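Each chain, written out:
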Amino acid sequence: MALKVCKFGGTSMADGNVMKSVKKIILSDPSRKYIVVSAPGKRFSGDIKVTDLLYACYDELKRTGNCLSSFAKVRTRFEGIVRELNLDMDMTAILDETYRRMTEEQTEDFTASRGEYLAARVMAVLLGATFIDSEDVIFFSENGRLNSEKTFRCIARAVEGLDMVVFPGFYGRDVHNKVKTFSRGGSDITGAIVARAVNASMYENWTDVSGFLACDPRIVDNPRHIKTLSYKELFELSYMGANVLHADSIYPVRRANIPIVIKNTFRPEDEGTSIIPMSQYKPEGNVVTGIAGKKNFTVILIEKTHMNSEVGFVRRVLSVLERENIPIEHIPSGIDTMSVVFDSKYAEDYRLEKVIEGIKNEVEPDVIRVMENVALIATVGHGMSSSIGTSARLFKAMAQANINAKLIDQGSSELNIIVGVKNEDCEKCISAIYHEFFS
Ligand code: ASP
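What follows concerns the site of the ligand. Within the structure, the ligand sits among Ser38, Lys49, Thr51, Glu116, Phe170, Arg184, Gly185, Gly186 and Ser187. Between the ligand and glycine 186 there is a distance of 3.4 Å, counted from an oxygen atom to a backbone nitrogen or oxygen. Protein chains shield 93% of the accessible area of the ligand, which is 260 Å² for the free molecule.

In structure tokens:
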């Protein structure tokens, strides 16, 4: 039988009422057997997500040794949910035990992970399903990365013989036996891990939007809906700021060719967006699939005559950044010039100065300059490789909107064109490119 893993995001868990709709969705398809949940999210604009309440608990815990006052808000949220759902469970005892462990563990990751833990406990009772704690089946290696082999094996073994299972998203256990979380939004990754471990036929990711749009709807009114994306396109768009799905969710499912479908809990009849392997991908006829942007990058520009003939030049420049532990996003280059682009969070004054000094010593450039507050905009689509003139159209649209491209990088797969612009031109640039290709 086809088996689906369904992950429900924070807004799908926000209160008892929405959770009743979630139950209906799950029970309407007998292949929906493995459920992964996030912590309850915002119920209305201005509300606070449970995970953020828990980070506040940790702050209080650190300052005072307890977090009674911050935890009271978490308690109220969950007691309210259980009351609304009229469930026969002793939530007070579960919350007391959770609080006790939080004060005993005293770590940020453990505290933050409790939203998912508690939500999964409630969901399991609501569905009459088995609760499996992710700390018992998801493992990290010494280097902080997922220990995939052990994790897939343990999940597969844990679900054997069980009908329906609920897992909390967002966390696992590290080599020191401590709970460790993924980065924010990481329940998406848990869903993908479970999908791979049980060899699911599909990974459904239920959220509060009906899939991906060709660009951010806060920038362009009513942008076009994307029906299908390849894994690669999804990765590019998610990485560059389209925050429907955590970019790292691709890795576990990609190898097993498990499709991901983004669905809307509040409009379950909507088609959503399917993310599929390239082998099954049928282009929808658009040159561009989507456009996404991210602000706050730092660019170091280096010029040196005859740089191209100096063997090892690029390696020596990069070794300086490596020494400072700075991950690099892009390296656009010309004959006598190269630029290195990285996230500005790594460009604190002292580190940037060290990098500049280091590059001067290593390669003695003619010119070295730093550009800050740069936004990167990715225009993504498999259709771009087969149509001539895509970049000409893109740059014409930017020129007409009076936007200066500070850097340009085209991926070797011709799947994307990245342009760097001033932070303040980011939205204007996305809108100009969108209208060029979609209007
Ligand atoms: N609750 C966590 C967060 O807010 C993880 C998730 O929702 O996926 O980031």
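The structure having been displayed, the exposition proceeds.
This brings us to the pairing of strand β2 (residues 32-37). For β2, the buried fraction is high: six of the six residues fall into the buried class. At this point the chain moves from strand β1 (residues 4-8), through helix α1 (residues 16-27), to the parallel β2, and the crossover so formed is right-handed. In the sheet, β2 pairs with strand β4 (residues 165-168) via four bridges, with the strands oriented parallel. Its bridge partner lying in β4, valine 37 is registered against proline 168.

For the rest of this paragraph, the subject is the nonpolar core. Counting 53 residues, the largest nonpolar core has Val5, Ile155, Phe167, Phe212 and Ile275 as the members making the most contacts within it. No other element matches the six residues that helix α7 (residues 187-197) contributes to this core. Residues within four places of phenylalanine 212 in sequence aside, it is in contact with Arg224, His225, Ile226, Leu229, Leu234, Ser238, Ala242, Val244, Leu245, Ile262, Thr273 and Ile275. One finds Cys6, Met102, Tyr117 and Val122 within the second-largest nonpolar core, a separate group that totals 46 residues.

So, on to the packing of helix α4 (residues 91-105) against helix α5 (residues 108-127). Closest axis-to-axis distance for the α4/α5 pair is 11 Å, and the angle between their directions is 160 degrees. Considering the angle they form, α4 stands roughly antiparallel to α5. α4 and α5 meet at a crossing whose hand is right-handed. Residues Met91, Ile94, Leu95, Thr98, Arg101, Met102 and Glu105 of α4 pack against Phe110, Thr111, Arg114, Tyr117, Leu118, Arg121 and Val122 of α5. When its residues are assigned to classes, the contact of α4 with α5 shows eight nonpolar, two polar and four charged.

Let's shift gears to the pattern of salt bridges. As enumerated under the stated definition, the model contains 26 salt bridges in all. Close ionic contact of arginine 267 with aspartate 270 constitutes a salt bridge, the shortest N to O distance being 2.7 Å. Given a relative accessible area of 17%, aspartate 270 falls into the buried group. For arginine 323, the salt bridge is made with glutamate 362, and the minimal N-O distance between the two is 3.8 Å. Taken as a pair, arginine 323 in helix α10 (residues 313-323) and glutamate 362 in helix α11 (residues 349-363) lie far apart in primary sequence, 39 residues in all.

Before going further, it helps to examine the sheet that holds β1. The eight strands lie next to each other as β3-β4-β2-β1-β7-β9-β10-β8, forming an open sheet whose pairing is mixed. If you trace the sheet from one side to the other, it starts and ends with β3 (130-131) and β8 (228-230), each paired once. Two elements, β1 and strand β7 (residues 202-207), share five bridges in a ladder whose sense is parallel. Within the sheet, the bridge partner assigned to cysteine 6 lies in β7 and is glutamate 204.

It is worth spelling out the environment of glycine 80 at this point. Its place among the elements puts glycine 80 in helix α3 (residues 68-85). Look at glycine 80 and you get buried, because its relative accessible area is 18%. Each C-alpha atom, one on glycine 80 and one on serine 385, is 53 Å from the other, the two residues being 305 residues apart in sequence.

For the rest of this paragraph, the subject is the sheet that holds strand β11 (residues 290-303). Taken together, the five strands give an open sheet; going across it, the order is β12-β11-β13-β15-β14, and neighbouring strands pair in antiparallel fashion. At either margin of the open sheet sits one strand with a lone partner, and together these are β12 (337-343) and β14 (407-410). Strand-to-strand twist in this sheet, taken as the mean axis angle between neighbours without regard to direction, amounts to 35 degrees. Relative to β12, β11 runs antiparallel, the two being bridged by seven bridges. Each residue of the ladder has a partner; that of threonine 298, found in β12, is phenylalanine 342. The strands touched by helix α8 (residues 231-239) are β11, β13 (367-380) and β15 (416-422); relative to β11, the strand with the most contacts, the crossing angle is about 70 degrees. Sheet contacts for helix α12 (residues 390-400): β13, β14 and β15; angle to β15, the most-contacted strand, approximately 20 degrees.

Right, let's talk about α10 for a bit. By the burial criterion, the buried members of α10 are Phe313, Arg316, Val317, Ser319, Val320 and Leu321. Looking at the buried residues of α10, the elements they touch are β11, β12 and α11. Downstream of α10 by a residue or two, asparagine 325 has a phi angle that is positive, lying close to 60 degrees.

In this section: the packing of α3 against α4. Remark: α3 packs on α4, axes separated minimally by 10 Å, with the N-to-C direction vectors making an angle of 150 degrees. By the criterion of interaxial angle, the relationship of α3 to α4 is roughly antiparallel. The handedness of the crossing between α3 and α4 is right-handed. Across the interface between the two elements, Leu68, Phe71, Arg75, Phe78, Glu79 and Val82 from α3 touch Met91, Thr92, Leu95, Asp96, Thr98, Tyr99 and Met102 from α4. Counted by class, the contact of α3 with α4 contains eight nonpolar, two polar and three charged residues.

Excluding glycine, most residues fall at negative phi; most peptide bonds, likewise, are trans. Despite not being glycine, asparagine 257 has its phi angle at roughly 55 degrees, a positive value. Inspection of the secondary structure assignment puts asparagine 257 in the loop between α9 (250-254) and β9 (260-264). On the basis of relative accessibility, which here comes to 40%, the residue asparagine 257 falls in the partly exposed class. Notably, asparagine 373 is not glycine yet its phi reads approximately 55 degrees, a positive angle. Residue placement: asparagine 373 occurs in strand β13.

Cut-offs applied
- Residues numbered from 1 in each chain as written.
- Predicted model: local features only at pLDDT ≥ 70, side-chain atom pairs only at ≥ 80, totals over all residues.
- Heavy atoms only, no water.
- Near = heavy atom within 4 Å.
- Polar contact = N/O pair within 3.5 Å; in protein donor to acceptor, adjacent residues only side chain to side chain.
- Areas by Shrake-Rupley, 256 points an atom, 1.4 Å probe, with all protein chains shown as cover.
- Buried < 20%, exposed > 50% of the residue type's maximum accessible area, 1.4 Å probe, protein only.
- Helix = DSSP H or I, 4+ residues; strand = E, 2+ residues; numbered from the N terminus.
- Right-handed = clockwise from strand over helix to strand, strands pointing away.
- Pairing = 2+ DSSP bridges.
- Core = buried A, V, L, I, M, F, W, Y, C linked by side-chain atoms within 4.5 Å.
- Contact = heavy atoms within 4.5 Å.
- Axes fitted to C-alpha atoms, helices over the stretch in contact; angles between N-to-C directions.
- Parallel < 35°, antiparallel > 145°, perpendicular 65-115°, else oblique.
- Left-handed = near helix turned anticlockwise from the far one by under 90°.
- Nonpolar A, V, L, I, M, F, W, Y, C, P; charged D, E, K, R; others polar.
- Salt bridge = Lys/Arg side-chain N within 4 Å of Asp/Glu carboxyl O.

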